[in-house]
Amino acid sequence: MYQTGFIYGYISCKFLLICLLVSDSKSWPQVPSIEKAYSKNSDSITVEFTEVAGATGYILRAESKSGDFFSETSVSGSPGTVMELQPYTDYILSVISVNAWRRSQPSLPVEIRTVVMAPVLEASSPTNVTINVTWPRVEHAVFYTLCIIQEGSSIRLKRNTTDTMTVFDNLEPGTRYCIKGTAWDSEGRTGDDNTVCQITRPSSPNVTLVTVTQGRSLGITVHWLSVQGADVYVALTSNGQNCSSVNRQPSDNHCYIIPAECGQSRSVTVIAYNKAGPSSPSDPFNYITCGYSTHSSPGNCSVMWDDVPLVEHYVAYIKRDDGAEESCNTTETTCQFFCMCGYTYLTSVIPYNHAGSSPYAHVRNYTTIPCCPHDVTIKLVSTETLEIMWSPVRGSELYKTTAAETYGTVHCNDTSPVCALSDLRCNTAYSVTVTPCSELQGCNSTCTAQRHETAPCTPEILDMKQISNSTYKVLISTPNKQDTNYTITATGHYDRHTCHTAGNYCELTQLPCGSTYEVVAVATSAAGKSLPGFSKPLETGPCCPMFVNVSQVTQAMTNMTWSPGHGARSYIAALTSPRGHAKCHTLDTHCLMGCITCGTNYSVHLEAISSSGHKSEYITSYNKTCILFVIGACCPTGVKLYRKNNNFLRVYWRSSGPQVYNHTVELYGTKANNTCMAAAGSMHCDMKEGPCGEVYTVVVAPVGHDGVKVILCQARMYSVPCPGSNAGMRKYHLNCQLILRRTLTFLVR
């Protein structure tokens, strides 16, 4: 039996030991702790935590504060990142350690907010030196940082802005730039970044040569200098023909235009293109095609012909359409003659030898290009309209008026020698060209452009600030060039004030108080005046009262009066002291204020307010040097009258304030009139008794340091019986209203 029990106990202990070993091997992992949590991207949070022994992995738990999101992310160690979160959202995070059998309890939670999203950038290049960047407003962002870098360069330019667009200027033409944008939240954290790359438009190519090509069809070859960043070049002639060339290698800098009409005066421009758009057109290059009769240069024409066998010499006859004639005798096959624009010349060539002249000669006519007008006048007829006038010229049937700044737009195509260019940009110089045209020779593209500027752009009043009683600072926009002056005018009912500036502000001075004005800004330049900007109202503060009176009515009440202030509708009067204050708001020029403490110095303040709520600025300056009104010392209380054994009467009282004032005691009746002066700190005064049975009036009043007695103290009456009388000393109260008041009068300047 004992052996069986031993065996059973041994087996039980062995089983318990095995169970303990199994339990130890499947123990709970320790709880980790979060050391740091942060958000660098708007959709994720990174958590750094302590790794614990016995853990084979970790779980990052994330919950939104609103309760609509829950996730658990498995990670092998620290740090770990929770993904697929919402921008600028608060999350509660904790870490759980795990092993093959169990999870630990969650760590102490931390609350982290994800950062804001990156702005979605869109870039464009409106010119060859600028890039515009725009983006939709990012929710919860307070401002944005944009960084631009040129491709192949290490130089960066940063710019902070609260707007949703910015312009980078002074860039290189035909160059690729990358712009990175980030948003900042109110806590000073940057969010995601987003990058967009944009190439600037190419610069204008220069046309170097135009050559006439011979063949089955007459044509021209246009050559130009290549520019950086260009993908395609397009050449355009003045008669609407064009050709293009893809820029694959440096030799791709020319193109052919076929056919070309002989004997024409034309011009050609070249435009470079890339992904950002076209460049500005090149300067026009003028050329003249060849022919039987060619206008090679102004005033110099030539007649050319083929050589004829057995000819000794030739005689060329040139007759102008107004009847003028000339001839040329030569052995060559060309003849030079003076020609003028706008004329038609009839030419014939007769060959000669020893047998005589040829019996027949062909007559060719040649019309020179129309003349350029030389008396072109340009006048500004409105802020954004130019009127161009000129005298009719010979040979012209039509006039085309263009401005280089409008990219070749024909503003007028008319037979009349007048044109109006309207809807132009303000404060812009325009190069205006009048081109005469004829049906035979086309247009004369050699005419000189005339330059004229439009009126300045209209300035806008941004803000108006009062800087003194009669001076106001007016801030304006400056949308024009630096040589523009601005005039700000304030017009009132009876007066007008102006100031001038070349900057963004000027000061209107000597504006009277209590007045209203309409303020307008106008820009002026050498070209003329702009349209007036939108007016803004300006109201000056109400005028100061000429004087203010403060009168003490009773020990606890004062009356304040003042003269009317021009432009003021209401007033705020106030008496302030460390022991309290009194204030009233009234439409009148007087105010009765209570809650006044006797024996106290009060500061007097008066504020004038206009009907629109404009307050006078002088109130603030007066508060710095406050006007003082001294309330008289407090009247004593508990006044009593006693008879002494030595035929003297004693008047006794209690002081209501500091015992720093002398007191005067007046005791008078029908047969007696006594006065006594008690020193500061004393609370009684003795006077010799008069005839018995008298009724006395007693007044006890403090005397100020200036020797002036307080006159508002109440009088009391006492009946003094004769000795041995059964009647006691009686006290009478005087309930009369005193009308004497101590008054302080001062002027406000």
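All of these numbers come straight from a predicted model, not from anything done at the bench.

### Quick look at the sheet that holds strand S5 (residues 80-82)
(1) Moving on: On the basis of which strands lie adjacent, the open sheet formed by three strands has the order S1-S2-S5 and antiparallel pairing. Here the strands that pair on one side only, and so sit at the sheet edges, are strand S1 (34-41) and S5. Each adjacent strand pair in this sheet contributes to an overall mean axis angle of 25°, direction not counted.
(2) Moving on: Inspection of the sheet shows S1 paired to strand S2 (residues 44-49) by five bridges, in the antiparallel sense. Note that in S2 the partner of Lys 36 across the bridge is Glu 48.

### What about the pattern of salt bridges?
(1) Moving on: All told, the structure shown has 15 salt bridges when counted by the stated rule.
(2) Moving on: Two residues, Arg 103 and Glu 72, come together in a salt bridge whose shortest N-O distance is 3.2 Å. Pair noted here: Arg 103 is in the loop between strand S6 (90-98) and strand S7 (110-113) and Glu 72 is in strand S4 (residues 70-75), with a separation of 31 residues, a long-range link.
(3) Moving on: Relative accessible area serves as the criterion here: at 32%, Glu 72 is assigned to the partly exposed category.
(4) Moving on: A salt bridge links Lys 319 to Glu 325, with the nearest nitrogen and oxygen atoms 3.8 Å apart.
(5) Moving on: Glu 325 sits in the exposed class, given a relative accessible area of 59%.
(6) Moving on: Several salt bridges share partner residues, and in doing so they unite Asp 90, Arg 113, Asp 185, Glu 187 and Arg 189 into one network.

### Section: the nonpolar core
(1) Moving on: Met 560, Trp 562, Ala 573, Met 593 and Leu 606 are the most contacted members of the largest nonpolar core, which has 19 residues in total.
(2) Moving on: Elements supplying a minimum of two residues to this core: strand S47 (547-554), strand S48 (557-562), strand S49 (570-577), strand S50 (580-586), strand S51 (590-593) and strand S52 (601-609).
(3) Moving on: Here the element with the most residues in this core is S52; it accounts for four residues.
(4) Moving on: Apart from the residues lying within four places of it in its own chain, the contact partners of Trp 562 are Pro 545, Phe 547, Val 548, Tyr 571, Ala 573, Thr 586, Asp 588, Thr 589, His 590, Cys 591 and Leu 606.

### Considering unusual backbone geometry
(1) Moving on: Cis geometry marks the peptide bond from Ser 78 to Pro 79, where omega comes out at 0°.
(2) Moving on: Take Pro 79: it is sitting in the loop between S4 and S5.
(3) Moving on: Positive phi, normally seen in glycine, also occurs at Tyr 88, with a value near 45°.
(4) Moving on: Looking at the element boundaries, Tyr 88 is found in the loop between S5 and S6.
(5) Moving on: Of the residues examined, Tyr 88 reaches a relative accessible area of 17% and is grouped as buried.

Conventions used here
Residues numbered from 1 in each chain as written. Predicted model: local features only at pLDDT ≥ 70, side-chain atom pairs only at ≥ 80, totals over all residues. Heavy atoms only, no water. Pairing = 2+ DSSP bridges. Helix = DSSP H or I, 4+ residues; strand = E, 2+ residues; numbered from the N terminus. Axes fitted to C-alpha atoms, helices over the stretch in contact; angles between N-to-C directions. Salt bridge = Lys/Arg side-chain N within 4 Å of Asp/Glu carboxyl O. Buried < 20%, exposed > 50% of the residue type's maximum accessible area, 1.4 Å probe, protein only. Core = buried A, V, L, I, M, F, W, Y, C linked by side-chain atoms within 4.5 Å. Contact = heavy atoms within 4.5 Å.

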